[in-house]
Amino acid sequence: MGMHCASCVATIEKTLMRLNGVTGVNVNFNSEKAFVEYDDSKVSLAQLHQAIRGAGYRTLKPDEIPAAGEKEVLYLKVIGMDNPHCLSTVNAALKRLKGIQKLELSIAQKAKIQYDSSVITAGRIVAAIKQAGYVAVDERDSTDLEKRARAREITGYRGRFILSLLFSLPLVYLTMGPQLGFPVPAITASHLALAQFALVTPAMVLGYQFFQKGVIAVLKARTATMDTLVTLGVGAAYLYSLYISIAIWSGVGGLSAHNLYYETAGFLITFILLGKLLEATAKGKTSEAIRNLMGLRPKTAVVYREGVEKEVAIEDVAVGDVIVVKPGQRIPVDGMVLDGYSSVDESMVTGESLPVEKTKGSAVVGGTINKTGSFRFKATKVGKDTVLAQIIRLIEEAQGSKAPIQELADIVSAYFVPAVVLIAGLAFLIWLIAGESFIFALTVFISVLIIACPCALGLATPTAIMVATGIAAQHGILIKNANALQSTHRLNALVFDKTGTLTKGVPELTDVVSYDKDEYDVLMLAASAEKNSEHALAGAIVNNARANNIRLNAAQHFQAIPGKGLSAQVEGESVLLGNRALMEENAIDISKAKSVLAQFENQGKTAILLACGKKLIGVLAIADTIKDHSRQAIAALQRMGKEIIMITGDNHTTALAIARQAGIEKVLAQVLPQRKAEEIKKLQAKGIKTGMVGDGVNDAPALAQADVGIAIGTGTDIAIEAGDIILIKDDLRDVVVAFDISRYAFRKIKQNLFWAFFYNLIGIPVAAGVLYPVTGFLLNPMVAGIAMAFSSVSVVSNSLMMKSYRKRI
């Protein structure tokens with residue numbers, strides 16, 4: 001796929017025929033299929049695929065090729081489609097093609113195209129994009145190509161700017177030198193016109209791209225763009241000057257070099273090239289975060305197959321493969337450690353700088369860096385299913401989405417260029433009718449066309465979104481769409497699930513109270529008795545004992561007593577472990593523990609009584625403990641003015657105890673899973689913009705119902721899918737960071753839109769000459785060119801300032 005010209009066919013044929021073992025190649029341009037005769041003892045199918053991909057094309061295996069008439073989806077990177085007007089040009093070019101069923105384009109240079117493979121091929125689609133003036137490549141192979149294309153673009157603009165400047169400087173010297181007192185050779189008007197024509201024409205050629213795209217936009221895409229304005233403005237200055245030059249050369253009297261406008265045309269091209277150079281450099285930095293993530297994807301993996309280690313292309317790694325990772329290497333795909341020990345730098349995924357220890361059973365993430373030891377792991381997710389691939393996909397989707405605030409800019413941009421052309425034409429006519437000279441009216445016409453900048457309006461919101469989502473990802477926060485980015489900081493209330501969100505979700509032994517025996521003996525007896533139990537609370541006691549190196553003895557005559565506890569014999573002593581009902585049933589006096597029991601119950605803890613030989617010897621408290629940073633996160637959100645609510649299915653006593661620890665006053669307890677979404681609806685019905693933070697299957701409906709759903713990344717896949725924001729780390733402080741980034745990004749968007757609107761609202765009337773009757777000031781087209789060139793740069797640069805963001809919690 002991607003084979004859209006005869007030279008592509010020749011390239012593929014030559015590439016394959018160079019392989020040892022290939023005896024024949026027949027490439028069909030129309031169907032984009034290659035029929036290859038080869039000796040499989042000398043060359044493998046995988047090597048054929050790799051060779052074609054190495055030549056810059058996408059390949060499909062026979063079973064992946066769609067049947068005639070089947071819907072096919074093409075994912076492309078359209079290099080250069082990085083503003084709304086370029087997007088509209090590509091959109092118009094593709095919509096004229098038969099067989100295109102659905103289009104999704106974004107200024108993040110992404111194109112998702114659904115088409116009927118029986119009507120049109122992917123090659124024809126790519127060719128149509130190329131005819132519109134853009135380069136389209138397979139999204140999966142786009143990272144290096146985009147990087148090289150961006151570098152070529154910057155180098156090209158730099159070279160053309162310098163050359164244009166070299167031609168424009170002597171041009172300005174010839175035309176403005178006498179006014180500035182510089183010595184200028186005394187030459188005739190005819191020779192001066194010829195000299196100026198000779199200097200400006202190369203500058204026009206250097207700016208051919210603007211004229212080409214401006215004409216293509218109108219003729220083929222039937223839309224007007226920034227390049228259309230440049231074409232009209234610069235073209236008018238050049239063609240008018242050429243007309244005067246021909247008249248001078250023809251001997252028409254009353255004309256001189258003062259009637260020429262060549263220096264305006266030359267310097268306009270120079271300034272526009274400078275603006276494009278600065279804009280390309282700045283825009284290249286807006287998507288830096290996602291390019292860095294893409295650069296983390298390893299190209300190969302060392303796989304353990306048939307008793308030996310062999311290096312294979314990352315595309316050939318399959319689920320279930322055993323992969324070997326050595327110190328300093330990137331982990332190629334997601335998996336589970338089989339053997340070995342190491343520490344892994346996972347900062348690219350979590351934003352956490354400290355390496356994470358990995359032992360047998362630990363999960364590893366593709367793209368992360370192995371630091372110290374070696375280990376083997378089993379691949380569990382490959383290709384598009386890896387965590388890194390999903391992160392990249394989510395960021396790309398977010399960068400391509402539109403925030404609600406962008407709608408106004410889109411509406412204005414759609415009518416902007418036609419309105420500017422109309423204003424320029426009216427200003428031209430009005431000044432002529434008012435009695436001003438043709439040169440005066442032409443100056444106004446050109447200035448209006450050149451100073452207008454629809455790109456600034458179009459770039460105001462998307463550039464801020466691209467930078468903000470990239471920053472969030474670097475901090476372990478995935479914002480799935482621009483609407484969530486805009487809406488988060490506007491939330492009035494935030495509802496937190498309890499278990500697994502505010503709390504760790506795992507019962508822990510929190511207290512041991514002993515009577516007549518020391519705490520060591522109480523914990524030893526309880527853990528020894530619980531060692532064989534499958535009850536959820538048993539693990540908390542046993543794990544705590546093992547963590548404290550307490551010896552566990554064998555338990556005999558173990559008997560679980562449903563709803564009450566258990567009985568067993570440990571070191572020859574009869575042990576009872578359970579609730580009050582078990583103690584009362586066995587006539588155990590628990591009066592001395594009443595105050596302790598009341599205290600634990602008020603704290604929302606589960607109390608377990610331990611009796612030995614008909615005598616109470618201890619009380620153990622177990623609770624789902626609050627996460628380390630929950631209280632800090634809640635306090636920070638409350639300082640932001642957010643109402644915090646906890647929702648849980650637990651009883652009121654337990655819920656209130658946890659809420660107190662977290663610093664939360666409002667609690668919704670004993671809420672069934674299916675009613676969580678209803679509680680969110682009730683808040684929204686009161687006009688409260690409500691967010692939901694959760695991690696489990698039970699939370700998914702509430703996450704979807706909320707104005708913004710925030711899913712803990714360590715939670716279930718369905719909760720993550722339902723959420724608008726995903727916290728990769730299990731740290732609630734990132735909720736605060738998400739709010740902070742949302743607020744910061746929205747402030748930047750408003751600044752960008754203000755300056756874009758303000759610039760055009762002030763610049764266009766000034767260029768039209770509204771100040772001239774009062775002050776005598778008329779904007780020089782060259783000054784208009786400078787202002788236009790820097791308007792887009794200022795908007796992009798303002799967005800890039802967000803990269804200095806540092807979280808404050």
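Residues numbered from 1 in each chain as written. Predicted model: local features only at pLDDT ≥ 70, side-chain atom pairs only at ≥ 80, totals over all residues. Heavy atoms only, no water.

Asker: Tell me about the packing of helix α14 (residues 438-451) against helix α27 (residues 733-768), and name the residues and values.
Answerer: The contact between α14 and α27 brings their axes to 8 Å, and the two run at 170°. Of the possible angle classes, the one that applies to α14 and α27 is roughly antiparallel. For the pair α14 and α27, the contacting residues are V444, S447, V448 and I451 in the first and Y759, N760, G763, I764, A767 and A768 in the second. Considered class by class, the residues forming the contact of α14 with α27 number seven nonpolar, three polar and no charged. (Axes fitted to C-alpha atoms, helices over the stretch in contact; angles between N-to-C directions. Helix = DSSP H or I, 4+ residues; strand = E, 2+ residues; numbered from the N terminus. Parallel < 35°, antiparallel > 145°, perpendicular 65-115°, else oblique. Contact = heavy atoms within 4.5 Å. Nonpolar A, V, L, I, M, F, W, Y, C, P; charged D, E, K, R; others polar.)

Asker: Go over the packing of aromatic side chains with me, naming the residues and quoting the values.
Answerer: Applying the stated criterion to the full structure yields 16 aromatic pairs. Three or more aromatic residues joined by ring pairs form one cluster here, namely F197, Y238, W249 and Y262. (Phe/Tyr/Trp six-rings, centres within 6.5 Å; stacked < 30°, edge-to-face > 60°.)

Asker: Provide a residue-level description of the sheet that holds strand β25 (residues 666-668), including the pertinent values.
Answerer: Ordered in space as β16-β28-β27-β26-β17-β24-β25, the seven strands form an open sheet in which the pairing is mixed. Bordering the open sheet on either side are β16 (477-479) and β25, each of which pairs with just one other strand. Shown here is a sheet whose adjacent strand axes are inclined to one another by a mean of 20°, direction ignored. Bridge analysis of strand β26 (residues 690-694) against strand β27 (residues 708-712) gives four bridges, and the strand direction is parallel. What sits directly across from M692, in β27, is G709. (Pairing = 2+ DSSP bridges.)

Asker: Give me the lowdown on the sheet that holds strand β9 (residues 322-325), citing residues and values where you can.
Answerer: Across the sheet, which stays open at both edges, the six strands sit in the order β8-β7-β9-β15-β10-β13 with antiparallel pairing between neighbours. One side of each edge strand has no neighbouring strand; the edge strands of this open sheet are β8 (308-313) and β13 (363-364). The pairing of β9 with strand β15 (residues 375-381) spans four bridges and is antiparallel. Following the sheet pairing, V325 is matched in β15 by F375.

Asker: Which residues make up a positive patch on the surface, and what values do they have?
Answerer: Taken together, the side chains of R490, K689, R747 and K750 define a basic patch exposed on the protein surface. If you trace the backbone, R747 turns up in helix α27. The exposure class assigned to R747 is partly exposed, which follows from its relative accessible area of 43%. (Patch = residues over 30% accessible without salt bridge, like charges linked within 9 Å, V, L, I, M, F, W, Y side chains within 5 Å. Areas by Shrake-Rupley, 256 points an atom, 1.4 Å probe, with all protein chains shown as cover. Salt bridge = Lys/Arg side-chain N within 4 Å of Asp/Glu carboxyl O. Lys, Arg positive; Asp, Glu negative; His and termini not counted. Charge placed at Lys NZ, Arg CZ, Asp CG, Glu CD. Buried < 20%, exposed > 50% of the residue type's maximum accessible area, 1.4 Å probe, protein only.)

Asker: Go over the environment of E315 with me, naming the residues and quoting the values.
Answerer: Along the chain, the position of E315 falls in the loop between β8 and β9. Along the backbone, E315 and K299 are 16 residues apart, and their C-alpha atoms lie at a distance of 8.3 Å.

Asker: Any chance you could break down the side chain of T690 for me, citing the residues and the numbers?
Answerer: In this structure, T690 sits in strand β26. A polar contact is formed between the side chain of T690 and the backbone oxygen of I688, at a distance of 2.9 Å. Residues within four places of T690 in sequence aside, it is in contact with L491, A493, V495, I680, L683, Q684, A706, D707 and V708. (Polar contact = N/O pair within 3.5 Å; in protein donor to acceptor, adjacent residues only side chain to side chain.)

Asker: Please give an account of the pattern of salt bridges that cites residues and values.
Answerer: Evaluated as defined, the whole model comprises 22 salt bridges. For K592, the salt bridge identified is with D516, shortest N-O distance 3.7 Å. A residue pair is termed long-range when its members are at least 10 positions apart, and K592 in the loop between α20 (580-585) and α21 (594-602) and D516 in the loop between β18 (503-514) and α18 (519-530) qualify at 76 residues. Given the relative accessible area of 58%, D516 is considered exposed. Here the residues in one salt-bridge network are D497, K676 and D699, joined through shared partners.

Asker: Explain the environment of V317 to me, using residue names and the numbers behind them.
Answerer: Mapped onto the fold, V317 is located in the loop between β8 and β9. Each C-alpha atom of the pair V317 and V302 lies 9.3 Å from the other, and the pair is 15 residues apart in sequence. Leaving out residues up to four positions away in the same chain, V317 has contacts with A301, V303, R305, V312, I323, V333, A379 and V382.

Asker: Tell me about the pairing of β15, residues and numbers included.
Answerer: In this structure, strand β10 (residues 334-340) lies alongside β15, joined through six bridges in antiparallel fashion. Bridging across to β15, D334 finds its partner in K381.

Asker: Account for the packing of helix α15 (residues 454-474) against α27, with residues named and values stated.
Answerer: Two elements in contact, α15 and α27, have axes whose closest approach is 8 Å; the angle formed by their N-to-C orientations is 165°. On the basis of the axis angle, α15 is roughly antiparallel to α27. At the point where α15 passes α27, the crossing takes the right-handed sense. Contacts from A456, L457, A460, T461, T463, A464, I465, A468, I471 and A472 of α15 reach α27 at I741, A745, I749, N752, L753, A756, F757 and N760. Across the contact of α15 with α27, the residue classes break down as 14 nonpolar, four polar and no charged. (Left-handed = near helix turned anticlockwise from the far one by under 90°.)

Asker: Hey, could you go over unusual backbone geometry for me, with residue numbers and the actual values?
Answerer: Phi angles above zero are rare outside glycine, and N549 is one such case at about 55°. With respect to the element layout, N549 can be found in the loop between α19 (536-547) and β19 (555-561). Despite not being glycine, H557 has its phi angle at roughly 55°, a positive value. Structurally, H557 is set in strand β19.

Asker: Pulling in residues and values, what's your account of the side chain of K676?
Answerer: Take K676: it is sitting in helix α24 (residues 676-685). Of note is the side chain of K676, whose polar atom sits 3.0 Å from the side chain of D497.

Asker: Requested: an account of a nonpolar patch on the surface, with residues and values cited.
Answerer: There is a patch of nonpolar side chains on the surface, built from F754, W755, F758, L761 and I762 and spanning about 550 Å² of accessible area. With respect to the element layout, F754 can be found in helix α27. Taking relative accessible area as the criterion, F754 reaches 45% and is therefore assigned partly exposed.

Asker: Describe α27, listing the residues and the values that go with them.
Answerer: For α27, spanning 36 residues, the distance from its first C-alpha to its last is 53 Å, which sits close to the expected 52 Å at 1.5 Å a residue. The positive-phi residue at the C-terminal boundary of α27 is G769, with phi of around 95°. (Expected span 1.5 Å × (residues − 1).)

Taken by themselves, the reported measurements are silent on function.
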